[in-house]
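A structural walkthrough
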Amino acid sequence: MITISLCMIVKNEEATLARCLDSVADLMDEIIIIDTGSTDATKEIAARYTSNIYDYQWINDFSDARNFSFSKATMDYIYAPDADEVLDEENRERFLNMKKCLLPEIDIVQMKYVTITDFNTVLNAQKEYRPKLFKRLRPFTWVDPIHETVRLEPVVYDSDIDILHMPTASHGKRDFGIFLETFEKNQHLSEKLRMMYEKELYKVGTLEDLMAAKPIFESIWQENATTDAGKEAACILARIARLEQDGNTLMKYALRDMLENPCAEICYELGCYYLDLKDYEEAIVWFYNAAYETASIIDIRTSGDLALEGLVKSYQGLLEPERCKNYSSEAYNNYKMLLEQYEDAYKNWELPVEL
């Protein structure tokens, strides 16, 4: 059976740390806690479970902190949870079974990440695989019977373990400063960081957050508006324009997006723009396109409950008493029927289980 070091970085996690460690401590052979500057009882709670507690000078770099935590591990594999994660009894059993029979050639084990509170900032499904268990020392192996070569790609196992992500507050805005600092330092964001920044901005960003990011996404869009990165940048810029009630700029990004494979985010922004103007008929066109004719590229909810909510609000607007005076009974009944249809769709919409 393999041995496992738990390596966790924490700061002010007194509300969740014991819950996390209670659910996994007996599955681990070593527990290592890296504290990045707690001012609450986090370290005292950690001390109930381990003496391997290290202070780390925070430098706005999660990778550096993770690397420091991994450097302290001594077991075969490293498990890297966050303090707001939990394994329930069913998944504790799955984890134990995995530990007993994991093949030694496995380098990485992925587990399904399940956010079960309202504080979801990046997931586009109820469950998404994430790498969570890592081989501490990876041997190099020659492969192929002829023209042999060293295997470079890791062997990844997709397990059936569900990790319950149970944050007590949203962490989306926490990372915005790090994204900006990273871009200022490198004048570049990796594809992964760019996509994470887009998701967090789109889901929880305020106009202030969006404006701080605006120069980054303007440069991406201007470099090549037709690439995936350019189309995603247009979604961020369209949202800024809509929130600033800048219709001309919104149309610039929207019309360019419409040239090829329009996305749900742009349709949704147009729907919101016309809804704010109380042009309900035009809002319906765009919310319908978001919900039924296009796909999301950043936030799946723009082709789901957000678009359906827009349709509900638009039909409610059409059925305002002052407007109804001008309708025939047939038109009124049709609008009422469609409102009820979209209310049901909105009420019953859920994130897909898996993408």
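Please refer to the structure placed before this passage.
These remarks concern the structure in this document. (Residues numbered from 1 in each chain as written. Predicted model: local features only at pLDDT ≥ 70, side-chain atom pairs only at ≥ 80, totals over all residues. Heavy atoms only, no water.)

1. Considerations on the sheet that holds strand β5 (residues 85-86)
What the eight strands build is an open sheet, ordered β3-β2-β1-β4-β7-β6-β10-β5; its pairing is mixed. Edge positions in the sheet fall to β3 (53-55) and β5, since each has one partner strand and no second. Lying over the sheet, helix α1 (residues 17-24) contacts β1 (4-10), β2 (30-35), β4 (77-79) and β5, oriented at roughly 175° with respect to β1. Strands in contact with helix α4 (residues 89-101) are β1, β4, β6 (108-115), β7 (127-135) and β10 (156-165); relative to β10, the strand with the most contacts, it is inclined by about 155°. (Pairing = 2+ DSSP bridges. Helix = DSSP H or I, 4+ residues; strand = E, 2+ residues; numbered from the N terminus. Contact = heavy atoms within 4.5 Å. Axes fitted to C-alpha atoms, helices over the stretch in contact; angles between N-to-C directions.)

2. Focus: the pairing of β1
Along β1, seven of the seven residues are buried, which leaves the element largely enclosed by surrounding structure. Going residue by residue along β1, you find I4, L6, M8 and V10 tucked away on one face and S5, C7 and I9 tucked away on the opposite face as well. Pairing of β1 with β4 involves three bridges; the strand directions are parallel. Counted as the bridge partner of S5 is I78 from β4. Bridge analysis of β1 against β2 gives six bridges, and the strand direction is parallel. Residue pairing across strands places M8 opposite I33, the latter belonging to β2. Note on the crossover from β1 through α1 to β2: the handedness is right-handed. (Buried < 20%, exposed > 50% of the residue type's maximum accessible area, 1.4 Å probe, protein only. Right-handed = clockwise from strand over helix to strand, strands pointing away.)

3. A short note on the packing of aromatic side chains
A full pass over the atoms with the stated rule returns 17 aromatic pairs. When the ring of Y315 is compared with that of Y342, the centres are 5.7 Å apart and the planes differ by 25°; the resulting orientation is stacked. Taken together, the residues span a long stretch of sequence, with Y315 in helix α12 (residues 305-318) and Y342 in helix α14 (residues 329-348) at a distance of 27 residues. Relative accessible area serves as the criterion here: at 7%, Y315 is assigned to the buried category. Over the ring of Y113 we find R130, and its NZ or CZ is 3.8 Å from the ring centre. The ring of Y202 is capped by R239, whose NZ or CZ atom sits 3.8 Å from the centre of that ring. (Phe/Tyr/Trp six-rings, centres within 6.5 Å; stacked < 30°, edge-to-face > 60°. Lys NZ or Arg CZ within 6 Å of the ring centre and 35° of its normal.)

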